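The chain contents come next:
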Amino acid sequence: MGTALVTGATAGLGLEFAWQLATARHDLVLVARDAARLEQVAAQVRAAAGVRVEVLPADLSVPDDVARVAARLAVTGAGPDDARPVGLLVNNAGFATAQHFVDGDLEVELRAVDVMVRAVVELSHAAVTQMTARGRGAVLNVASVAALTAGGTYAAAKAYVRSFTEGLAVELAGTGVTATVLCPGFTRTEFHDRAGLSMSSVPDAGWLDAPFVVAAALADVRRGIVISTPSARYKAASAVLRVLPRSVVRAIGHYR
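The structure displayed is predicted, hence computed values, not measured ones.

> Mind showing me how you'd approach the packing of helix α1 (residues 12–23) against helix α2 (residues 35–49) here?
Relative placement of two packed helices is described by the angle separating their axes and the distance separating the axes. Packing of α1 against α2 brings their axes to within 10 Å, and their N-to-C directions diverge by 25°. Classified by the angle between their axes, α1 and α2 sit roughly parallel to one another. α2 is crossed by α1, and the crossing has right-handed handedness. Note on element contacts: α2 touches α1 through V41, Q44, V45, A48 and A49, opposite L15, W19 and A22. A class-by-class count of the residues in the contact of α1 with α2 yields 7 nonpolar, 1 polar and no charged.

> Looking at this structure, how should I read helix α5 (residues 152–172)?
Count 3.6 residues to each turn of an α-helix, and residues three or four apart come out pointing the same way. In a regular helix each residue adds 1.5 Å, so 21 residues correspond to 30 Å; α5 covers 30 Å between its end C-alpha atoms and thus fits that length. Of the residues trailing α5, G174 is marked for its positive phi of about 85°.

> Which parts of the structure should I look at to understand the side chain of K158?
You can see K158 is positioned in helix α5. Within the buried set, K158 has no salt-bridge partner at all; the shortest N-O distance to an opposite charge, 13 Å, is to E109. A polar contact is formed between the side chain of K158 and the backbone oxygen of V142, at a distance of 3.0 Å. Beyond its immediate sequence surroundings of up to four residues, K158 is in contact with M116, V142, A143, S144 and A147.

> Is there a simple way to explain the nonpolar core in this structure?
Where a protein is soluble and globular, its nonpolar side chains tend to be buried together. Counting residues in each nonpolar core, the largest one holds 36 residues, and the members touching the most others are F17, L21, L28, L30, V45, L88 and L140. Broken down by secondary-structure element, the contributors of at least two residues to this core are β1 (3–7), α1, β2 (27–32), α2, β4 (86–91), β5 (137–142), α7 (210–223) and α8 (232–243). Considering each element in turn, this core owes the most residues, 6 residues, to α7. Grouped together as the second largest cluster of nonpolar side chains are 34 residues, A112, L123, V128 and Y154 included.

> Looking at this structure, how should I read the pattern of salt bridges?
Pairing between side chains of opposite charge can happen when their charged atoms approach one another. Overall, the coordinates contain 4 salt bridges when judged by the stated rule. Between R84 and D27 there is a salt bridge, with the nearest N and O atoms lying 2.6 Å from each other. Here the residue R84 occupies a position in the loop between α3 (63–73) and β4, and D27 occupies one in strand β2, the gap between them amounting to 57 residues. On the basis of relative accessible area, R84 is assigned to the partly exposed category, the value being 38%. What makes D27 buried here is its relative accessible area of 12%. One salt bridge connects D65 with R68, and the closest N-O pair in it is separated by 3.5 Å. With D65 and R68 both in helix α3 and 3 residues apart, this pair spans about one turn of that helix. On the accessibility criterion, R68 (37% relative accessible area) is partly exposed.

> What exactly am I supposed to notice about the pairing of strand β6 (residues 177–182) here?
For a regular strand, the rule is simple: side chains alternate between the two faces of the sheet. Burial analysis of β6 places 5 of its 6 residues in the buried class, the great majority of the element. This β-α-β element, β5 to α5 to β6, shows right-handed connectivity.

> Where do I start with the side chain of Q130 in this structure?
Secondary-structure assignment places Q130 in helix α4 (residues 106–134). For Q130, a relative accessible area of 3% gives the class buried. Those residues in contact with Q130 that lie beyond four places of it in its chain are L73, A74, V75, T76, P85 and V86.

> Just to check I follow, could you spell out the sheet that holds β1 for this structure?
A sheet is described by the order of its strands in space; here 7 strands give the open sequence β3-β2-β1-β4-β5-β6-β9, paired in parallel fashion. For this open sheet the edge positions go to β3 (53–57) and β9 (227–228), each flanked by a neighbour on one side alone. Here 6 bridges tie β5 to β6, and the two strands are oriented parallel to one another. Residue pairing across strands places V142 opposite L182, the latter belonging to β6. Across the sheet, α2 is in contact with β2 and β3; its angle to β3 comes to roughly 170°. Running at roughly 155° to β3, α3 makes contact with β1, β2, β3 and β4 of the sheet.

Conventions adopted
- Residues numbered from 1 in each chain as written.
- Predicted model: local features only at pLDDT ≥ 70, side-chain atom pairs only at ≥ 80, totals over all residues.
- Heavy atoms only, no water.
- Axes fitted to C-alpha atoms, helices over the stretch in contact; angles between N-to-C directions.
- Helix = DSSP H or I, 4+ residues; strand = E, 2+ residues; numbered from the N terminus.
- Parallel < 35°, antiparallel > 145°, perpendicular 65-115°, else oblique.
- Left-handed = near helix turned anticlockwise from the far one by under 90°.
- Contact = heavy atoms within 4.5 Å.
- Nonpolar A, V, L, I, M, F, W, Y, C, P; charged D, E, K, R; others polar.
- Expected span 1.5 Å × (residues − 1).
- Buried < 20%, exposed > 50% of the residue type's maximum accessible area, 1.4 Å probe, protein only.
- Lys, Arg positive; Asp, Glu negative; His and termini not counted.
- Salt bridge = Lys/Arg side-chain N within 4 Å of Asp/Glu carboxyl O.
- Polar contact = N/O pair within 3.5 Å; in protein donor to acceptor, adjacent residues only side chain to side chain.
- Core = buried A, V, L, I, M, F, W, Y, C linked by side-chain atoms within 4.5 Å.
- Right-handed = clockwise from strand over helix to strand, strands pointing away.
- Pairing = 2+ DSSP bridges.

Spelled out as structure tokens, the structure:
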């Protein structure tokens, strides 16, 4: 079924992507910062799904680490080693900055941009160069409904990813390679807890479950859908955000 590379693969949506892809008989390359946790996840997936799992510890805010992941994505399978080419790239790694920009730590903001923008661009480039040469493949970039809001660096980064992926999809038309951007709403993972964000104001009806989000995204990738927004309620919310005057969107304030 081919090999998939997933960034941010030890938690949240990334972990769910790893399990669902392994269940669908994809071999995996798992990327995350925590090497010990990566090895633990890889061992569990190998034992349960019986697929090949490579681990690639990397901090995607560090250029040299990004370059190592890009080098793995560039593998075409034509060389002397047994490394298999990646047929699906899932750019999932990211985090909420959990601070206001003006009085916040600039290094945190820059790291967020490196992980959620710069790394996405570099890894996408490595992947599609290899994929178009082979005439098949897919890139799935994880953005957010927040891309349509005015929510600081996080929303701005996700807006970039959304626009970037749409443009990439246009450029890839006819190559056998597709690009999809996933724009979920609030999803039950450890994402918000790890950022120290209180989400008590979000009603139960506003939450999605990670297995549903990932299954919907992978189904949209298979269909070649460019913008994947799981659930009717978030499709409706996205439509409203697109037509509201930007002054109203700004008045709504930060998503957090």
